[in-house]
Structures are given as structure tokens and as C-alpha cells.
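So you can see what is in the structure, the chains are spelled out below.
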Amino acid sequence: MTLTPVGSGRVPFSIQSQMAISNITRRQKELTDVATELSTGRKLRLPSDNPADAVRASILQRAKEQQLQFRSNIQQGTTSLSIVENSLKNFSDALDVAKSVAISVVDGTKTDADYQAAKVQIDSVIDQLVTVANQKYLDRFSFAGGNPTTPPFKRDGNGIVFTGDSSVLESLQGLGQLFSASVTADSSIGVFSSAGYG
């Protein structure tokens with residue numbers, strides 16, 4: 001903030017007063033700018049205030065927004081994988097129930113009513129397995145692969161049909177850094193294993 005000296009030499013009084021008013025006006029604007037900066041906490045109100053700083057601020061703002069998005073992606077991916085982990089535990093528990101029911105009727109001493117009761121239990125477990133395998137998070141089916149909006153498993157007659165694929169959904173965790181935000185149905189529950197056919 002500089003003031004232009006107003007000399008009293010051969011300069012007419014009207015020009016001297018205009019220079020003084022101009023100095024006062026400029027000084028008031030500078031003080032207003034400082035007061036605005038202090039009250040808002042922002043050095044730049046308009047890009048024209050300082051174009052170079054405005055460009056830097058814009059770049060920093062974009063970087064900050066990217067970092068927030070990366071953090072959100074990581075949190076969503078972690079939550080998605082936690083849901084998958086919980087689904088796999090529920091899947092394993094249901095398989096243990098099915099195994100227990102199957103073992104209970106193989107000794108040859110059971111009646112037809114026992115076999116029918118076991119069949120009802122096994123059917124219930126199969127329904128539970130389909131429900132668990134069709135678990136969703138953020139309106140995406142966890143085990144569907146590349147088409148996460150379509151349920152990957154459905155009962156069809158006496159079997160279960162898998163309509164998903166073996167794609168893994170990935171998400172950005174940083175610039176150029178992808179991470180798997182899902183698992184394949186095959187790698188987690190073995191839908192393409194030889195034990196799954198028949």
C-alpha cells in the first residue's frame with residue numbers, strides 16, 4: 001500500500017485534490033480487501049484478484065476432491081468386502097447345517113417321514129444359500145461379477161442357476177491405483193468347481 005505524494009509545487013489545486021481523493025479511494029479499497037480477507041478467511045474472492053493463485057487454488061481444490069473420492073471409494077470397498085466376508089460365514093454356517101442334516105439320515109434306520117423332514121430342511125438351507133449368495137450392498141449384488149444389478153443365483157427346478165460371471169469390480173484408491181472391491185463367486189464359493197456340477 002503506497003501513497004502517491006501530492007506535491008504543492010506548480011500543480012493546480014484541483015489536480016492535487018483529485019490525486020488525494022484517488023489515494024484515499026485506493027487506500028479504502030485495500031483496507032476493504034484486507035477486512036474481507038480477514039472476515040472470510042479467503043485471500044481470493046474472484047479469480048481476477050490474483051490469477052496465478054486462483055489457478056493454484058483450483059488445482060488444490062480438485063486434488064482435495066479427488067482425495068475425498070478416493071477415501072470414499074476405499075470405505076465403500078472395505079464395507080463391501082466386509083459384507084462379502086459376513087455372507088461367506090453365513091454360507092459356511094448354512095452348509096454345516098445341510099451337512100449335519102445329511103449325516104443324520106445316512107445310517108439306514110430312518111423312516112420315509114425322517115427323509116421327508118430332512119428334505120424340507122435341506123430345501124430350506126438351499127433357499128438360505130441362494131439368499132446369502134444374492135447379498136446386496138449399495139444396490140449391487142456382491143457375487144454377480146460384471147453385472148451387479150442382476151441377482152446372480154436363482155432356484156430353477158431342483159437346482160441353482162448362476163447367471164453372474166467371474167469379473168471383479170475394481171475401484172480407484174489413488175491416481176492410477178485400482179483395488180478389488182468385490183470377489184468372484186467362483187473364488188469364494190466355487191460355482192465353477194467340479195463339485196458344483198451335477
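Being a predicted model, the structure only gives us computed values, none of them experimental.

Following the criterion strictly, the structure yields four salt bridges and no others. A salt bridge links R155 to D123; its shortest N-O distance comes to 3.6 Å. With R155 in strand β3 (residues 153-156) and D123 in helix α3 (residues 112-133), this residue pair connects regions lying 32 residues apart in the sequence. The class for R155 is partly exposed, based on a relative accessible area of 30%. D123 sits in the partly exposed class, given a relative accessible area of 25%.

Following the criterion strictly, the structure yields one aromatic pair and no others. Judged by centre distance (5.0 Å) and plane angle (40°), the ring pair of F153 and F162 falls under tilted. Accessibility expressed as a relative area gives 8% for F153, which makes it buried.

We now examine helix α2 (residues 51-104). The first and last C-alpha atoms of α2 sit 79 Å apart over 54 residues, in line with the 80 Å expected at 1.5 Å per residue. Within the span of α2, buried status applies to D53, A54, F70, N73, G77, S80, V84, S87, F91, A94, A98 and V101.

Counting 14 residues, the largest nonpolar core has F153 and A185 as the members making the most contacts within it. Only α2 and α3 provide two or more residues apiece to this core. The greatest single-element share of this core, amounting to five residues, is contributed by α3. What A185 contacts, discounting residues up to four positions off in sequence, is F143, F153, F162, G190 and V191.

The rules we used
Residues numbered from 1 in each chain as written. Predicted model: local features only at pLDDT ≥ 70, side-chain atom pairs only at ≥ 80, totals over all residues. Heavy atoms only, no water. Salt bridge = Lys/Arg side-chain N within 4 Å of Asp/Glu carboxyl O. Helix = DSSP H or I, 4+ residues; strand = E, 2+ residues; numbered from the N terminus. Buried < 20%, exposed > 50% of the residue type's maximum accessible area, 1.4 Å probe, protein only. Phe/Tyr/Trp six-rings, centres within 6.5 Å; stacked < 30°, edge-to-face > 60°. Expected span 1.5 Å × (residues − 1). Core = buried A, V, L, I, M, F, W, Y, C linked by side-chain atoms within 4.5 Å. Contact = heavy atoms within 4.5 Å.

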